[in-house]
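One-letter residues, chain by chain:
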Amino acid sequence: PIINHFQNRNPTGFYAKKWGYFDLEDPDPKWKGKMRPQPDFAAVPNRDVKSTDFPDGAWQKDKEYMTRFLEEAKKLVNRTIEAVYGEWGVGIPQDGSVELTDEFMVNREAFYKWPKPSEQTLDGMTRRFIHHIMTGDSFKLVLGGHSAAAGHGAGFNASYVHQAGLVLEPVFAHLGVEFRSYNFAQGGMGTFQQALAGMDLRGKDADMLIWDSSMTEKSPPLTNFFYRQGLLAGNRAPFLYSGGGADPAAFESIGASVGGYGALGYSPITTSEEQAKTLPWAARYDKCGPGGAAALCDSQKYDGKCWVEREDFTPAVKQDDLVGGQAKWHPGPKVHRARGRALALSVLFMLQHALDKWEELGTESGHPVAEEHWHVTDFYNGIKEKVPTVDGCYPGWKIGVTRRGLRETNQTDGRRLDLEGEWPSRLCNIPMQGRTLWGPRNNPMESSLLSILKPNAFGDVDPNILGSPAYMKGPDYFPPDRAAPWSTPPEPEVNPWEIAGSRRLLDNANASSAQQINSGNILSGIEKENLPSAEEEAIARGKVNATALRILAEDPDAIVPGLGIDVKWGLSGVCDGTTHAWCERTKDVKCLYSAAQDNRGVICFNPLSGWVVFDVKNVKNGFIGARIEAWRGAGEIETAKGWKEVNNGGSGNYKKEGLERHLLQKAQQERDARYVEEMTNRIEEDMLLDDFSPRRLGNGQSCGASGDYIFEFAINGKIVASWDKDAFCAHYTRTGYNMDLVKLLDDEGVTGDFELAMRMSPAHSNQNSIMCITHLYWS
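I will try to describe carefully the structure that is included in this document. (Residues numbered from 1 in each chain as written. Predicted model: local features only at pLDDT ≥ 70, side-chain atom pairs only at ≥ 80, totals over all residues. Heavy atoms only, no water.)

Some words on the sheet that holds strand S4 (residues 239-241)
Put simply, the rule is: When DSSP locates at least two bridges between a pair of strands, those strands are taken to pair. Only runs of H or I of at least four residues qualify as helices and only runs of E of at least two qualify as strands under DSSP, and these elements are numbered from the N terminus. Whether two residues are in contact is decided by their heavy atoms, any of which lying within 4.5 Å being enough. Simply put, an axis is a line fit to the C-alpha atoms, just over the touching stretch for a helix, and the angle between two N-to-C directions goes from 0 to 180 degrees.
Read across the sheet, five strands follow the order S2-S1-S3-S4-S5 without closing on themselves; strand pairing throughout is parallel. A strand with exactly one partner marks an edge of an open sheet, and here the two such strands are strand S2 (178-183) and strand S5 (258-259). Here two bridges tie S4 to S5, and the two strands are oriented parallel to one another. Looking across to S5, one finds that Leu-240 is bridged to Val-258. Against the sheet, helix H11 (residues 333-365) touches strand S1 (138-145), strand S3 (208-212) and S4, its axis set at about 145° to S4.

Remarks on the packing of aromatic side chains
Filter applied, for reference: Classification of ring pairs uses Phe, Tyr and Trp, with its six-membered ring standing for Trp, and accepts pairs whose centres are within 6.5 Å; under 30 degrees between planes counts as stacked, over 60 as edge-to-face, and the remaining range as tilted. Definition used: whenever NZ (Lys) or CZ (Arg) falls within 6 Å of the ring centre and also within 35 degrees of the ring normal, the charge is taken to sit over that ring.
This model, assessed by the stated rule, comprises 39 aromatic pairs. Taken together, the aromatic side chains of Trp-307, Phe-313, Tyr-477, Trp-486, Trp-582 and Tyr-593 make up a single cluster linked through ring pairs. Across from the ring centre of Tyr-160, 5.4 Å away, lies the NZ or CZ of Arg-339, which sits over that ring. Geometry around Trp-438 places Arg-600 over its ring, the cationic atom sitting 5.1 Å from the centre.

Re helix H14 (residues 534-541)
Just so we agree on the cut-off: Relative accessibility decides the category of a residue: with a 1.4 Å probe and only protein chains considered, values under 20% of the type maximum give buried, values over 50% give exposed, and everything between is partly exposed. To be clear, the arc concerns the directions from the helix axis to the C-beta atoms.
The complete set of buried residues in H14 reads Ala-534, Glu-535 and Ala-538. Buried residues of H14, viewed axially, fall in a sector of 100°; they line one side. More than 90 degrees from the buried face of H14, the exposed residues found are Ile-539 and Ala-540. Immediately beyond the C-terminal end of H14, within one or two residues, lies Gly-542, with a positive phi of roughly 70°.

Side note on the side chain of Asp-460
Within the secondary structure, Asp-460 sits in the loop between strand S9 (438-439) and helix H13 (496-501). In this view, Asp-460 contacts Pro-455, Arg-541 and Tyr-654; residues no more than four positions away in its chain are not counted.

Focus on helix H6 (residues 160-174)
Side chains that are three or four residues apart share a direction in an α-helix, a result of its 3.6 residues per turn. The condition that has to hold: The span one expects for a helix is its residue count, reduced by one, times 1.5 Å. Each residue is assigned a bend, namely the angle between axes fitted to the seven residues that terminate at it and the seven residues that start at it.
In this model H6 runs 22 Å from its N-terminal to its C-terminal C-alpha over 15 residues, within 8% of the 21 Å that 1.5 Å per residue would give. Approximately 35° is the largest bend angle found in H6, and it occurs at Leu-168, with the proline Pro-170 only one to four residues beyond. Most of H6 sits out of view: twelve of its 15 residues are buried. Turning to H6, its buried residues are Tyr-160, Val-161, His-162, Gln-163, Ala-164, Gly-165, Val-167, Leu-168, Pro-170, Val-171, Phe-172 and His-174. Backbone geometry just after H6 places Gly-176 at a positive phi near 85°.

Some words on the nonpolar core
How we decide: What is meant by a nonpolar core is a set of buried Ala, Val, Leu, Ile, Met, Phe, Trp, Tyr and Cys residues, joined one to another through side-chain atoms within 4.5 Å.
Phe-69, Phe-111, Tyr-241, Leu-345 and Trp-358 are the most contacted members of the largest nonpolar core, which totals 71 residues. If you tally residues by element for this core, the top one is H11, at 14 residues. With sequence-adjacent residues up to four places away left out, Leu-345 is seen in contact with Ile-81, Val-84, Tyr-85, Phe-111, Tyr-112 and Leu-264. Judged by nonpolar contacts, the second largest core, of 46 residues, contains Leu-222, Leu-552, Ile-637 and Cys-772.

What to know about the side chain of Ser-51
Note that Ser-51 resides in the loop between helix H1 (14-19) and helix H2 (63-87). Filtering out sequence-adjacent residues up to four positions away, Ser-51 remains in contact with Pro-368, Val-369, Glu-371 and Trp-374.

A short note on the state of the cysteines
Counted only if it meets this: What counts as a disulfide here is a pair of cysteine sulfur atoms lying within 2.5 Å.
Applying the stated criterion across every chain yields a total of five disulfides. The disulfide partner of Cys-393 is Cys-428, and the gap between their sulfur atoms is 2.0 Å. Residues Cys-393 and Cys-428 share a disulfide whose torsion about the S-S bond is about -75°; that sign makes it left-handed. With Cys-393 in the loop between helix H12 (377-386) and strand S8 (433-436) and Cys-428 in the loop between H12 and S8, this residue pair connects regions lying 35 residues apart in the sequence. Judged by relative accessible area, which is 8%, Cys-393 ranks as buried. In this structure Cys-428 comes out as buried when scored by relative accessible area, which is 2%.

Keep in mind these values describe shape, not function.
Encoded structure:
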């Protein structure tokens, strides 16, 4: 964040001359070129320092500075609004170059109707905006949803939440606030798999929350749960956006900020290819005339391509022509752009209101304005405390009970549900926590399922002896990507993020002189015949737990982390839902510009894998549960391939060396590549069902496709249950499509830190039986 609001600017650039620029310089020569003093915001919750904590010289209490700052801030917001209008030919630049005809004004009036929220919501957002600017806090716009919201067919960076962020980020940067847009939508799924983890996967500092999963989640309690966990489980109480069939209006009764973002209402009509060239860049093929002209828009619906040539890197595989995921229910880049601009305008109009109010308060009582107008701690907590009073979240039911009719249908896989397995509705009113290997997700390392997986005797959470987890695999070229001509308007066309940014960058000025990166494994320089064993490496690192190693060898049933689990990380790199992440940018990807972050990593185990052990901390409400895939077929445990006993006699694969280890590494690399391809195909197959009722009804998944088994789980070293296939099925609770859950602890009186372990019993299970855990939830 630019805490003192200084900005580099180029007043001679094309956009600055035509539209203006952020022209703030410190009015006090004493501070010119220097940082003004600030209080210690981190010393208090939510950065809510007292007004008296601002030291002498702080800009927040300097009347002259605040006058200039608010003047420039208001111009900035208005200029950015006009730039968005200008993309469709109805904006008014400051240079007077547009003639304000009657037709122009009619079209301008029709372009966007702001769905102005209630005064309560405006007051809440004004408080939030003033607070964040005064304290240099961050501002986060968060979306959860299905494949259409994720940008399939258009491209991840082209998705509408990021199209809003593209415009808003430079605005907030000028105001000293780091803005980020997050897209956590997942193809072929809804939002419940994330919401059950509270805000751990979506980020606890969300300021605005959008639900967009109408194709995959038709049940109102699901959207209610999404919103209420957003309020309960985070550090803040976010603004709740309505739309797509979701209505958070009930939460306004407890003081929450709610509202919609509307839609753009005007766009020039395209009648031919030649005529399209005369229209504003963003409006071309946006709306087409009747008859043959209508086909023009259809032909240009998907124009997102996969690569822009660069001199420092060439992909190893031929890039696809267009971004994949095209389907009739997946909008193209133009629809996402328009929706994103409407979303951005709704934020800008609220910000405009806040700046006007801030100026008014400062005029009345001076600066800094009174704490009652900008402190947020009591505001957030007051809303959180009242969430349980809002109805609509599985009232009087247990979660999953709406699916009990499945027990009365003829399920070809023998699927049945039992009431005892259903999850308690009390989860609606308690903040949930969770970890997963699915993505995108906030802070991928911390929110990873592996972050709570207990290390084995050799100090590893992943016994894959390659020794290089997918998160750490570097990209094959450095960011940023070259500007894409299909998504970046050429000068002199209106470019709202350049205008909001106040200066024009030189072409590719930010592009690094990238070199290709060798992303091979860390042992690639050692001759394969001389590879040391993974055991020797662990000893050299001082990571071996001799006691655990002895127990593994002496007692295969001992509840210690096993050596035969299969960790399938999925995509490499950082996949955190932002456009700033560098996710799966490797030379073998067929469409690098799709930037897709959909990821379904898993931890799999079979009867020879041993125990999978998690450290579940800070359980406050006596609940633990998991999403477990029992339907996977045989042959998916590469780690334990060829084993005849549990943990391979207590040594796993750690004693393999030389050529034997080299071959195992090669097999693991091939497995990882194969899994990413299979995972991508599975997501695409799931997305094909997005538009059909079988998904909404919840097609059953098998309780085990490879014979009988005994599933066991233990808490704090004591086995709680041993379920055969029928018993497991009885506890396998369906809450939505592809959401089959198992409850492992449900006792309100139990609190503390717990060790949770699970396995498939080696003595009573078919050796081909496999289970995979994807999510772990607790409260």
